[in-house]
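Chain and residue survey
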Amino acid sequence: MSNTLSNQQISQGFARREFLVQAAGALSAVALMPAVLPAAPQPAQTLKLGIVGVGRQGRAIIAELGKLPNVQVAAICDNDASRLRTAQGRTQGAEAIDDYRKLLEKADITAVIIATPTHLHMDIALAAIAAGKHVYCEVPLAHTVDDARTIATAARTSKKVFATALEGRANPVYTLARSFFRSDAVRDVVTMRCQNSQKRSLRTPASDSAREKALNWWLDKEISTGIPGELGTQQFDVIHWYRDMYPTEVSGHVATRFYNDGRPVEIGDTVNCDFGFPDGTRLQYMATLANSYEGRYEVLQGVNATIKLAWTHGWMFKEADAPTQGWEVYANRQQFHKDEGITLIADATKLASQGKLQDGIGLPHPSTYYAIADFVRAITESKPPAASADVAFRSTVVALMAHKAASTRTRIEISSEMLKV
């Protein structure tokens, strides 16, 4: 990838105007939006998929698949009868199956999406590969390093597409922002941080103890990957992808600050982790289930600018002493506290003529849509997916080490050998 971005690459589809020079010491905030959003994939024939696991994430995936042309959810699978009935009501004509092996026997289903609890991924993934299906697997890849490595190794042998749900890599805003990050627009990294704040207990009530245990696997310390695994894997991968670099050590701390419901101390509801990278930079990670302030985002600070990513939105805060590079354009002004910003919006000229500039801010779909669309596109166009099993394996290992460090309140080294498939 070139380290210099041309005006045409960055500015196509935008109104071109002279960049406003900010006062000394001020930051100019730039909201990043791609000039052209990727078109939905167009399978020549109806692509029939099966979904294994129709809990919260499985149902979210069903909703996004409904937006894609020539894609049919032909079968859904879950061993929980109540969830299976709920999901069937959200699909048209999908066969409800209670055993994934029966689903994999269906010859008309060419692709399988695995959205089960993490500790169940391996057996299903291996069986789907053996059955000759295209596979999309949620992350983290598995609840142990050995299981994750087994999946990644098997995926290498598959003649079909094996995609993973690292959504940032298919996200149009994140892809655009990465092109800025890897140019001199940001330059040398100073520090990084990620946050995920949401108010939910993750505990699902159930009428009997067996179902309660199955539904609340997230809170079972024997199989859970904790907050760093289940929430952090996606965000850690964004940092790995942007930097082409993995941490060499992590320390952490987990606590229960609100949900005193008997959950294991190793899981808790609030986690802080500190990662060290080979070049001396550090990543601070904070996630909590006890407060929703500011939500989920990633921040990478450089000497020329800071990039903040929030899944459907992205911004660049340019340092006042950073050189102008020719890509600075704007279609709409925004105020960020005391700093005046410039918003980059897809199809800005057209929207401006209609008086609808604000309508262009933010992606029209959640990030899950773009990851699923990329999977369908990889199948349709016989191309590699945005997120392979190999990169998912490495991000899973990092997340598992973060969970271990936080739950034991220790420092753990992450060697290059650990990250090899």
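Let me begin by describing the structure that accompanies this report.

Thresholds, definitions, all that
Residues numbered from 1 in each chain as written. Predicted model: local features only at pLDDT ≥ 70, side-chain atom pairs only at ≥ 80, totals over all residues. Heavy atoms only, no water. Helix = DSSP H or I, 4+ residues; strand = E, 2+ residues; numbered from the N terminus. Buried < 20%, exposed > 50% of the residue type's maximum accessible area, 1.4 Å probe, protein only. Areas by Shrake-Rupley, 256 points an atom, 1.4 Å probe, with all protein chains shown as cover. Contact = heavy atoms within 4.5 Å. Polar contact = N/O pair within 3.5 Å; in protein donor to acceptor, adjacent residues only side chain to side chain. Pairing = 2+ DSSP bridges. Salt bridge = Lys/Arg side-chain N within 4 Å of Asp/Glu carboxyl O. Phe/Tyr/Trp six-rings, centres within 6.5 Å; stacked < 30°, edge-to-face > 60°. Lys NZ or Arg CZ within 6 Å of the ring centre and 35° of its normal. Axes fitted to C-alpha atoms, helices over the stretch in contact; angles between N-to-C directions. Parallel < 35°, antiparallel > 145°, perpendicular 65-115°, else oblique. Nonpolar A, V, L, I, M, F, W, Y, C, P; charged D, E, K, R; others polar.

**A few points about the overall build of the protein chain**
- Of the regular secondary structure elements, the protein chain holds 12 helices and 17 strands.
- Across the 421 residues of the protein chain, 56% fall into the buried class.
- Accessible surface, the protein chain: about 18200 Å² in total, of which carbon and sulfur atoms supply 48%.

**A few points about the environment of Thr 46**
- You can see Thr 46 is positioned in the loop between strand S1 (27-31) and strand S2 (47-52).
- Judged by relative accessible area, Thr 46 falls into the partly exposed class, the value being 46%.
- Note: C-alpha distance between Thr 46 and Val 71 (25 residues apart in sequence) is 5.5 Å.
- Residues within four places of Thr 46 in sequence aside, it is in contact with Asn 70 and Gln 72.

**Observations concerning the environment of Asp 220**
- Summarising the element assignment, Asp 220 is placed in the loop between helix H8 (209-215) and helix H9 (226-243).
- Distance from Asp 220 to Glu 266, taken between C-alpha atoms, is 9.4 Å for residues 46 residues apart in sequence.
- Side chain to side chain, Asp 220 and Lys 213 meet in a polar contact 3.2 Å long.

**Details of the pairing of strand S8 (residues 189-197)**
- Of the pairings in the sheet, the one linking S8 to strand S12 (residues 296-302) comprises seven bridges and is antiparallel in character. Of the residues in S12, the one forming a bridge with Val 189 is Gly 302.
- Bridge analysis of S8 against strand S11 (residues 282-288) gives six bridges, and the strand direction is parallel. Each bridged residue has a counterpart across the sheet, and for Cys 194 the counterpart in S11 is Tyr 285.

**Points about the pairing of strand S10 (residues 270-276)**
- For S10, the tally of buried residues reaches six of seven residues, placing the bulk of the element in the interior.
- Sheet topology note: the strand S9 (residues 249-255)/S10 ladder contains seven bridges and is antiparallel. Pairing of Val 254 across the sheet is with Val 271, part of S10.
- With seven bridges connecting them, S10 and S11 associate as antiparallel partners.

**Quick notes on the pattern of salt bridges**
- Within the structure shown, the criterion is met by 22 salt bridges.
- With a closest N to O distance of 3.8 Å, Asp 108 and Lys 48 form a salt bridge. Of this pair, Asp 108 sits in the loop between helix H4 (100-104) and strand S5 (111-114) while Lys 48 sits in strand S2, and the two are 60 residues apart along the sequence.
- The class for Asp 108 is partly exposed, based on a relative accessible area of 37%.

**Comments concerning the packing of aromatic side chains**
- Per the stated rule, a full pass over the model turns up eight aromatic pairs.
- Judged by centre distance (5.4 Å) and plane angle (50 degrees), the ring pair of Phe 181 and Tyr 242 falls under tilted. Here Phe 181 is found in helix H7 (residues 172-181), whereas its partner Tyr 242 is found in helix H9, with 61 residues between them in sequence.
- Judged by relative accessible area, which is 8%, Phe 181 ranks as buried.
- Aromatic rings pair up to connect Phe 181, Trp 241 and Tyr 242 into one cluster.
- Cation over ring: Lys 199 sits above Phe 258, and NZ or CZ is 5.0 Å from the ring centre.
- Positioned over the ring face of Phe 277 is Arg 243, at 5.8 Å from the centre of the ring.

**Points about the packing of helix H5 (residues 121-130) against helix H6 (residues 145-157)**
- Between H5 and H6, whose axes approach to 10 Å, the crossing angle comes to 10 degrees. In terms of orientation, H5 lies roughly parallel with respect to H6. Taken together, the residues of H6 that come into contact with H5 (itself represented by His 121, Met 122, Ala 125, Leu 126 and Ile 129) are Asp 147, Thr 150, Ile 151, Ala 154 and Ala 155.
- A class-by-class count of the residues in the contact of H5 with H6 yields seven nonpolar, two polar and one charged.

**Some words on the side chain of Arg 243**
- Within the secondary structure, Arg 243 sits in helix H9.
- When its relative accessible area of 14% is taken as the criterion, Arg 243 is described as buried.
- Engagement of the side chain of Arg 243 in a polar contact is seen with the side chain of Asp 279, the distance being 2.5 Å.
- Non-local contacts of Arg 243, meaning those with residues more than four positions away in its chain, are made with Phe 181, Val 189, Met 192, Phe 277, Asp 279, Thr 281 and Leu 300.

**Considerations on the side chain of Ser 158**
- Mapped onto the fold, Ser 158 is located in the loop between H6 and strand S7 (162-164).
- Relative accessible area serves as the criterion here: at 16%, Ser 158 is assigned to the buried category.
- Reaching out from Ser 158, the side chain makes a polar contact with the backbone nitrogen of Lys 160 at a distance of 3.0 Å.

**Focus on the sheet that holds S5**
- A sheet is described by the order of its strands in space; here six strands give the open sequence S4-S3-S2-S5-S6-S7, paired in parallel fashion. Of all the strands in the sheet, just strand S4 (95-97) and S7 have a single pairing partner and so form its edges. Strand-to-strand twist in this sheet, taken as the mean axis angle between neighbours without regard to direction, amounts to 25 degrees.
- With four bridges joining them, S5 and strand S6 (residues 134-137) adopt parallel strand pairing. Bridge pairing in S6 places Ile 113 opposite Tyr 136.
- Taken strand by strand, helix H2 (residues 56-65) contacts S2, strand S3 (71-77), S5 and S6, and its axis lies near 165 degrees from that of S2.

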